[in-house]
Amino acid sequence: MHSLPGIVAVGYINEAIDEGNPLKTLESLLLPTANIRDVDPDYAQHYQDVLYHAKSQKLRDSESVSKVLWLDEIQQAIDKANEDKDRAKQWVTLIVDVNQCLERKKSSDILSVLKSSAYNANNIIPECADRYYDALEKAKELKTERVSSEGSWLKLTLQEKYDYYYNVDSKESSWVLPESCLRKESWLMGKEIEAFWKGYKQRKSYMLRRQTFIDNIYSIVKIQSWFRMVTARKSYLSRLQYFRDHNNEIVKIQSLLRANKARDDYKTLVGSKNPPLTVIRKFVHLLDQSDLDFQEELEVARLREEVVTKIRANQQLEKDLNLMDIKIGLLVKNRITLEDVISHRTKLNKKKGGEMEILNTADNQGIKSLSKERRKTLETYQQLFYLLQTNPLYLAKLIFQMPQNKSTKFMDTVIFTLYNYASNQREEYLLLKLFKTALEEEIISKVDQVQDIVTGNPTVIKMVVSFNRGARGQNTLRQLLAPVVKEIIDDKSLIINTSPVEVYKAWVNQLETQTGEASKLPYDVTTEQALTYPEVKNKLEASIENLRRVTDKVLNSIISSLDLLPYGLRYIAKVLKNSIHEKFPDATEDELLKIVGNLLYYRYMNPAIVAPDGFDIIDMTAGGQINSDQRRNLGSVAKVLQHAASNKLFEGENEHLSSMNNYLSETYQEFRKYFKEACNVPEPEEKFNMDKYTDLVTVSKPVIYISIEEIISTHSLLLEHQDAIAPEKNDLLSELLGLLGEVPTVESFLGEGAVDPNDPNKANTLNQLSKTEISLFLTSKYDIGDGESVDGRSLMIKTKKLIIDVIRNQPGNTLTEILETPATAQQEVDHATDMVSRAIIDSRTPEEMKHSQSMMEDAQLPLEQKKRKIQRNLRTLEQTGHVSSKNKYQDILNEIAKDIRNQRIYRKLRKAELAKLQQTLNALNEKAAFYEEQINYYDTYIKACLDNLKRKNTRRSIKLDGKGEPKGAKRAKPVRYTAAKLHEKGVLLGIDDLQTNQFKNVTFDIIATEDVGIFDVRSKFLGVEMEKVQLNIQDLLQMQYEGVAVMKMFDKVKVNVNLLIYLLNKKFYGK
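As the structure is a computational prediction, the values presented were derived from the model and not from experiment. (Residues numbered from 1 in each chain as written. Predicted model: local features only at pLDDT ≥ 70, side-chain atom pairs only at ≥ 80, totals over all residues. Heavy atoms only, no water.)

### Quick look at the overall build of the protein chain
Across its full length, the protein chain carries 43 helices and 12 strands. With 1071 residues in all, the protein chain has 43% of them scored as buried. Long-range pairs, those at least 24 residues apart, make up 72% of the contacts in the protein chain between residues at least 6 apart in sequence. Of the roughly 58,400 Å² that the protein chain leaves accessible, carbon and sulfur atoms contribute 50%. (Helix = DSSP H or I, 4+ residues; strand = E, 2+ residues; numbered from the N terminus. Buried < 20%, exposed > 50% of the residue type's maximum accessible area, 1.4 Å probe, protein only. Contact = heavy atoms within 4.5 Å. Areas by Shrake-Rupley, 256 points an atom, 1.4 Å probe, with all protein chains shown as cover.)

Below is the structure:
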């Protein structure tokens, strides 16, 4: 423990150290209370430096509790400083003695000088004394030569921190730089002197060691060999153990390296313009067809047939259900008998389980019987439909040769059937090529002004929209619109009514309901009069605000879902834009984009928004329906979006909505970007990776499922319009039609025995049989076949297959090298083994997927014969310009590389197609289930009707066994009224531009058509027939339900809706 006086002294000493004053530090060290020993006043500066350094180190020490130097630490520092003093004196003595010895040229004294002055005299070797002297003398001479003038001061640095100065002449010493310090530069300093004797000692030790090695070189080599062996063995065993410990990681690394090498090779195959034969050879196995390929092809074919059949069945069910809706509606109004409804129900139930009128006899007789003549006819039909499918110009011309009502039916049945409703990539590609060709043809021949596309009803546009709303595009519309449409429908508080008159009437009705008294306000007002009431204005503004909010939601859903839009629709939009621009180069970008908008929004999306239940956008339960308020809300949104898409502002009769014009302009800009981006799609060739050789590398032939009626109808239309679509006699279509001859009847098509000639219902049976569907495997007339002439393309294909067989078994850097090098016996054996394996696979291959007989025969040739045949084929191909020997036939190798790439892509697309077909089939099954639910609902309703009739004991007897009276009522006779008589009955309210006294000169004939609930109304003036319109009883009932009291016919005749319905009931249905 330190005494109190000692602690005070410590404080003084630390304070002096901090001030940096050496004299004050010395004074504090000499305090008696400090009791510091061996303090020399001459070394005050060095004490200050050492103490300051010691305190600085203590301050930097984070583990030190105290930040001051205590007495024992101060004493240690003083002792250390005194040691520095002694060491400095020793160095000075060594430097002075050695340098003076050198100056006196006393070489004999050098050893004694070094031994007496050096720290470790043992390191000095007496035998090296002369060498020491010579080396030191030479070093001093070099230093002296460089010095021109010098003083007498020596400078030493101790511990690389403290400088010590010594004057040789005056014997003075100092720890502080003297005022006039001129150093003695010619003298050797301590470190320089020490280096010489240490160097010589090391050198001598090295020489002795070296001599020992020389004397024992044999033993050393043996020791080194042994050591290297042990080290190598130890390293090997360690490495081996390391590999064993990391076996899994090593396998992964090796796999990665191999994969990288394979990837680099494949990049060469894909990216190189001329991939080398060595790379092609590595991947040629990808062209092999495995059992999985065949299974997937068969599964695709099965699913495709199921999808096409299901689409047809659902379409027929939908038509029948729509007719059932009408019949039940008429039944409700007592306009047809219950027997008529039951009759239709019976037919509907036959289709409920998905039964198709397809008879097995069609496969055993008729077109698919195995007689040579009928087989030839079948092959010709397969070639005909392949030609129509792959050459869109024929169908494009045919569509515009027919009347519009016929062409629409032809498109909905035959064309979509021919392309299997685009159920795979190939058929979607070909259908898009047809759409493109037909659209360009229609624009060239039928569009005279830019706006004709918008104002008219172009056939191809209608066909494109119909297709994309079908089974494949329906899911897209659901994803696009279902969430927002459902939100609008489910919002029970949402009321959007932008008609001032309707808002006014609803307000008046509300007042009367609340007060129970008749309102004094007028009931019939104009738009301007309705807008004079503040209540109407407020309600209208609230509706407009709701409309803007809801429209934003629908717009955002559309804009954000561009990727969901079907590729085919976007591509046709692109074709439409480019074709219009090509025909009308002066058309502005805005005009072109409005036409695109007319297709994408108005024709494709708008109807689905207005009537989501009609396009399966939302799920409706059987018997469920959208009410009038919900329908009006959706219609209002659709109207705003329609105006925005066409950049049409609210004006004229919609002037009261002009506050939305700014919103319309902003929305149009959003639509404009959307329509422009929608047209930014690749060409089908790029999208689907298709070209003219695609059919030649696929495993299975294209197949379509088509009814006999459609085959006969197509044959008939082609013959009827042959001069227009194939005017040249040598045209391939004309050739095929010539081979087929006249259009067959259903009976001749099916063959004898298909129908009993004595069957009293033969016509009906034949009609049913005409609906029979058969599968046609499509082939080109000029595919490679037995005995057929081989053109350049088919020869190229045969040669490629031969080359693939050869390069599998015979390596080489170029094709020329392989063909010129004879095959070894082992290569022939390997090739024969491969061909046996292929024959086994071919034996399991389905008939429709097999290669032609000539190709199978070529495959069995020995290796050398194949090479000779390749050489002959290559010479022929070089003459036709397909290949060149100058580049060693690289062209045909490029074709093989392309086949390999396409095969991989095709497999990938096939897997995607399988998933897509399964998804489509699931959706179709769900839709069929919904239709079945509706059928069950109708069954329940009709049963209830029967029960009610039995309870009321009705006079008409209804027999369900089919043996009663003929069902249904006879068709009613037409009725005729003058306008005066109808006016008298209150049915007719007035005729524009015609006085009442002229009504007697106007007559109306009302005629019931074959379609239930549809009436033709013909008008005559003074006996001259003027116009004709059709009335649909369902439309009249809807008007009555919505409260529409007055409607117009012929755009000028005003009639009372309620009294017109009463008249039709009375005259045609006996109500």
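### Examining the UniProt feature "coiled-coil region" (unreviewed entry) in the protein chain
Following the UniProt record, one finds the feature "coiled-coil region" (unreviewed entry) at residues 907-934. Taken end to end, residues 907-934 is 100% helix and 0% strand, and its first and last C-alpha atoms sit 41 Å apart. (UniProt positions renumbered as here; feature names shortened; annotations may be inferred.)

### Regarding the UniProt feature "domain: WW" (unreviewed entry) in the protein chain
Annotation from UniProt places "domain: WW" (unreviewed entry) at residues 147-180. Taken end to end, residues 147-180 has its terminal C-alpha atoms 18 Å apart, with 0% of it in helix and 41% in strand.

### Structural notes on unusual backbone geometry
In most cases, non-glycine residues show a negative phi, while peptide bonds are predominantly trans. One non-glycine residue, Lys888, lies in the positive phi region at around 60°. With respect to the helices and strands, the residue Lys888 is situated in the loop between helix 39 (863-879) and helix 40 (890-952). Positive phi is not limited to glycine here, since Tyr889 has a value of about 60°. With respect to the helices, strands and loops of the structure, Tyr889 is situated in the loop between helix 39 and helix 40.

### Thoughts on the sheet that holds strand 11 (residues 1046-1049)
Here 3 strands make up an open sheet; going across it, the order is 7-12-11 and the pairing antiparallel. Of all the strands in the sheet, just strand 7 (988-991) and strand 11 have a single pairing partner and so form its edges. Recorded for the sheet is a direction-independent mean angle of 25° between the axes of neighbouring strands. Examined bridge by bridge, strand 11 and strand 12 (residues 1053-1056) share 4 bridges and lie antiparallel to one another. Bridge pairing in strand 12 links Met1047 to Val1055. (Pairing = 2+ DSSP bridges. Axes fitted to C-alpha atoms, helices over the stretch in contact; angles between N-to-C directions.)

### A closer look at the sheet that holds strand 2 (residues 162-167)
Spatial strand order, 1-2-3: 3 strands in an open sheet with antiparallel pairing. Two strands close off the open sheet at either side, each with one partner strand: strand 1 (153-158) and strand 3 (173-174). Pairing of strand 1 with strand 2, which is carried by 6 bridges, proceeds in the antiparallel orientation. Each residue of the ladder has a partner; that of Leu154, found in strand 2, is Tyr166. Most of the contacts of helix 4 (residues 71-104) go to strand 1, to which it runs at about 135°, and overall it touches strand 1 and strand 2.

### Some details on the environment of Val450
Considering the arrangement of structural elements, one finds Val450 in the loop between helix 17 (425-446) and helix 18 (452-455). Taking relative accessible area as the criterion, Val450 reaches 13% and is therefore assigned buried. For the pair Val450 and Glu591, spaced 141 residues apart in sequence, the C-alpha separation works out to 7.9 Å. Sequence-distant contacts of Val450, defined by excluding residues within four places in its chain, comprise Ile580, Phe584, Ala587 and Ile595.

### Some thoughts on the packing of helix 15 (residues 392-401) against helix 17
In the contact formed by helix 15 and helix 17, the axes pass within 9 Å of each other and the chain directions differ by 45°. Of the possible angle classes, the one that applies to helix 15 and helix 17 is oblique. Helix 15 and helix 17 meet at a crossing whose hand is right-handed. Contacts between helix 15 and helix 17 involve Pro392, Leu393, Leu395, Ala396 and Phe400 from the first element and Lys433, Leu434, Thr437, Ala438, Glu441, Glu442 and Lys446 from the second. By residue class, the composition of the contact of helix 15 with helix 17 is 7 nonpolar, 1 polar and 4 charged. (Parallel < 35°, antiparallel > 145°, perpendicular 65-115°, else oblique. Left-handed = near helix turned anticlockwise from the far one by under 90°. Nonpolar A, V, L, I, M, F, W, Y, C, P; charged D, E, K, R; others polar.)

### Here we look at the side chain of Arg603
Mapped onto the elements of the fold, Arg603 is located in helix 25 (residues 589-610). The charged side chain of Arg603 is buried without a salt bridge, its nearest counter-charge being Glu442 at 9.3 Å. Not counting the four nearest positions on each side in its chain, Arg603 is found in contact with Ile453, Val454, Gly456, Asn457, Pro458, Ile461, Val465, Arg469 and Asn598. (Lys, Arg positive; Asp, Glu negative; His and termini not counted. Salt bridge = Lys/Arg side-chain N within 4 Å of Asp/Glu carboxyl O.)

### Quick notes on the packing of aromatic side chains
Here the structure, examined in full by the defined rule, presents 9 aromatic pairs. An aromatic cluster is defined as three or more aromatic residues linked by ring pairs; in this entry it consists of Tyr601, Phe671, Tyr674 and Phe675. In this structure, Arg548 packs its charged tip against the face of Tyr663, placed 5.7 Å from the ring centre. Geometry around Tyr567 places Lys687 over its ring, the cationic atom sitting 5.3 Å from the centre. (Phe/Tyr/Trp six-rings, centres within 6.5 Å; stacked < 30°, edge-to-face > 60°. Lys NZ or Arg CZ within 6 Å of the ring centre and 35° of its normal.)

### Re the pattern of salt bridges
Once their charged atoms are close, side chains differing in charge can pair, the charge on each being opposite to the other. According to the stated counting rule, one finds 20 salt bridges in the structure shown. With its nearest N and O atoms 3.0 Å apart, the salt bridge here joins Lys436 to Glu440. With Lys436 and Glu440 both in helix 17 and 4 residues apart, this pair spans about one turn of that helix. Residue classification places Lys436 among the partly exposed positions, given a relative accessible area of 21%. A relative accessible area of 27% places Glu440 in the partly exposed class. Via salt bridges that share partners, Lys261, Asp265 and Lys282 belong to a single interconnected network.

### Some points on the nonpolar core
Residues Phe385, Ile580, Tyr601, Phe671 and Leu733 are the most contacted members of the largest nonpolar core, which totals 140 residues. The dominant element in this core, judged by the number of residues it contributes, is helix 25, at 11 residues. With near-sequence residues (within four places) excluded, Phe385 lies in contact with Leu418, Ile704, Ile706, Ile711, Thr714, Leu776 and Leu778. (Core = buried A, V, L, I, M, F, W, Y, C linked by side-chain atoms within 4.5 Å.)

### Some points on the environment of Val39
You can see Val39 is positioned in the loop between helix 2 (22-29) and helix 3 (44-60). Separated by 13 residues in the primary sequence, Val39 and Leu26 place their C-alpha atoms 8.1 Å from one another. With sequence-adjacent residues up to four places away left out, Val39 is seen in contact with Leu26, Leu29, Leu30, Tyr47 and Ile78.

### Some points on a nonpolar patch on the surface
Taken together, Trp226, Phe227, Met229 and Val230 make up a surface patch of nonpolar side chains, about 420 Å² in accessible area. The topology assignment puts Val230 in helix 8 (residues 217-245). (Patch = residues over 30% accessible without salt bridge, like charges linked within 9 Å, V, L, I, M, F, W, Y side chains within 5 Å.)

### Quick word on the side chain of Asn598
Tracing the backbone shows Asn598 in helix 25. Leave out the neighbours within four places in its chain, and Asn598 touches Ile453, Val454 and Arg603.

### Topic: the pairing of strand 8 (residues 1002-1008)
Two faces make up the sheet, and in a regular strand the side chains alternate between them. With 7 of 7 residues buried, strand 8 is to be regarded as a mostly interior element. Of the two faces of strand 8, the one carrying Val1002, Phe1004, Ile1006 and Ala1008 and the one carrying Thr1003, Asp1005 and Ile1007 are both buried. Note that strand 6 (residues 975-978) and strand 8 share 4 bridges and pair antiparallel. Paired with Tyr977 across the two strands is Phe1004, which belongs to strand 8. For strand 8 and strand 9 (residues 1014-1021), the ladder comprises 7 bridges, and the chain directions are antiparallel. By the bridge assignment, Phe1004 is partnered in strand 9 with Ser1019.

### Topic: the packing of helix 23 (residues 534-559) against helix 27 (residues 661-678)
Here helix 23 crosses helix 27 at 10°, and the two axes come no closer than 11 Å. Comparing their axes, helix 27 and helix 23 come out roughly parallel. The segment helix 23 lies against helix 27, with Arg548, Thr551, Asp552, Leu555, Ile558 and Ile559 engaging Tyr663, Thr667, Glu670, Phe671 and Tyr674. Here the contact of helix 23 with helix 27 is built from residues that sort into 6 nonpolar, 2 polar and 3 charged.

### Digging into the confidence of the model for the protein chain
Mean pLDDT over the protein chain works out to 77, with 80% of the residues at or above the 70 mark. When mean pLDDT is taken per element in the protein chain, helix 8 scores highest with 92 and helix 13 (residues 361-364) scores lowest with 41. Scored below 50 in pLDDT, residues 333-338 shows 26 contacts in the model against residues more than four places distant or in partner chains. Here residues 952-969 scores under 50 on pLDDT; set against residues more than four positions off or in separate chains, the count is 20 contacts. (pLDDT = per-residue confidence, 0-100.)

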